[in-house]
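Summary of the model geometry
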Amino acid sequence: ELKALKTFDVPSSEKSGVGSASYNGAYVAFTVYDEAGKMRIFALNINGDPISDKSINYSAEFNTSDLVPCVDDKGFYLVSQVKEDKQTGYTIYKYDSAFQEQWKKDIMPESNGYIIVEAAISDKGKLILVQRTAKNVKFSSSEALEPSLVCYDQNNGDLLFKSPLYDKNFLSVPNQLIIDK
């Protein structure tokens with residue numbers, strides 16, 4: 001039988017919904033979508049005491065944001081889909097353990113198209129993503145996808161490498177990542 005050790009009231013409305021949640025070994029963090037375009041991130045210590053409450057604007061077309069624990073510094077990454085005009089991309093926020101923003105990186109396609117993040121994981125010194133890119137604005141099952149594995153530096157968000165996950169004979173679009181040590 002599970003018993004609550006402590007409760008935490010999350011300010012919310014009828015339209016609120018919990019998004020992703022993540023534990024980094026010291027803190028648990030979770031997102032709550034307050035209304036279209038507004039999201040809050042809450043972080044609690046292991047005793048259930050709130051340590052951070054941050055409000056973020058996001059693209060109302062998407063309510064997909066992933067919190068990814070940073071394995072090195074007990075911080076978090078927030079990977080959030082964004083839309084600008086006829087382009088869809090994503091933004092990476094890197095937060096320290098007190099949820100102070102360390103850096104932010106916007107990733108958008110070069111022309112009218114989209115880049116969608118399928119999976120994210122962190123390893124020592126880096127954030128690794130599976131992304132898929134298409135040249136047209138609207139995705140369809142016949143769309144020519146360009147899936148790739150991308151890796152960003154934890155300290156500043158610089159791109160470390162990008163590797164295609166397709167060739168002329170094989171297309172792979174994984175939706176999960178695991179790092180085997």
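All values reported here derive from a predicted model rather than from experimental measurement. (Residues numbered from 1 in each chain as written. Predicted model: local features only at pLDDT ≥ 70, side-chain atom pairs only at ≥ 80, totals over all residues. Heavy atoms only, no water.)

Examining the nonpolar core
By size, the foremost hydrophobic cluster in this structure holds 14 residues, and its most contacted members are Tyr 77, Val 79, Tyr 90, Ile 92, Leu 127, Leu 129 and Tyr 152. Those elements that provide at least two residues to this core are strand 6 (76-84), strand 7 (87-95), strand 8 (101-107), strand 9 (113-123), strand 10 (126-134) and strand 11 (146-153). Core analysis: the next-biggest nonpolar cluster, separate from the first, contains 13 residues, Ala 29, Ile 41, Tyr 58 and Leu 67 among them. (Core = buried A, V, L, I, M, F, W, Y, C linked by side-chain atoms within 4.5 Å. Buried < 20%, exposed > 50% of the residue type's maximum accessible area, 1.4 Å probe, protein only. Helix = DSSP H or I, 4+ residues; strand = E, 2+ residues; numbered from the N terminus.)

Observations regarding the confidence of the model for the chain
Per-residue confidence for the chain gives a mean pLDDT of 81, with 83% of residues at or over 70. Ranking the elements of the chain by mean pLDDT puts strand 4 (residues 50-57) last with 82 and strand 8 first with 94. (pLDDT = per-residue confidence, 0-100.)

A word on unusual backbone geometry
In this structure, Lys 74 takes a positive phi of about 60 degrees despite not being glycine. If you trace the backbone, Lys 74 turns up in the loop between strand 5 (65-69) and strand 6.

As for the pattern of salt bridges
Under the definition given, this model contains four salt bridges. Between Asp 53 and Arg 40 there is a salt bridge; the shortest N-O distance is 2.4 Å. In this pair, Asp 53 sits in strand 4 while Arg 40 sits in strand 3 (residues 38-45), placing the two residues 13 residues apart along the sequence. Asp 53 sits in the partly exposed class, given a relative accessible area of 42%. Classification of Arg 40 by relative accessible area gives buried; the value is 18%. We note a salt bridge from Arg 132 to Glu 118, for which the minimum N-O separation is 2.2 Å. Of the two residues, Arg 132 sits in strand 10 while Glu 118 sits in strand 9, which places them 14 residues apart along the sequence. Taking relative accessible area as the criterion, Glu 118 reaches 23% and is therefore assigned partly exposed. (Salt bridge = Lys/Arg side-chain N within 4 Å of Asp/Glu carboxyl O.)

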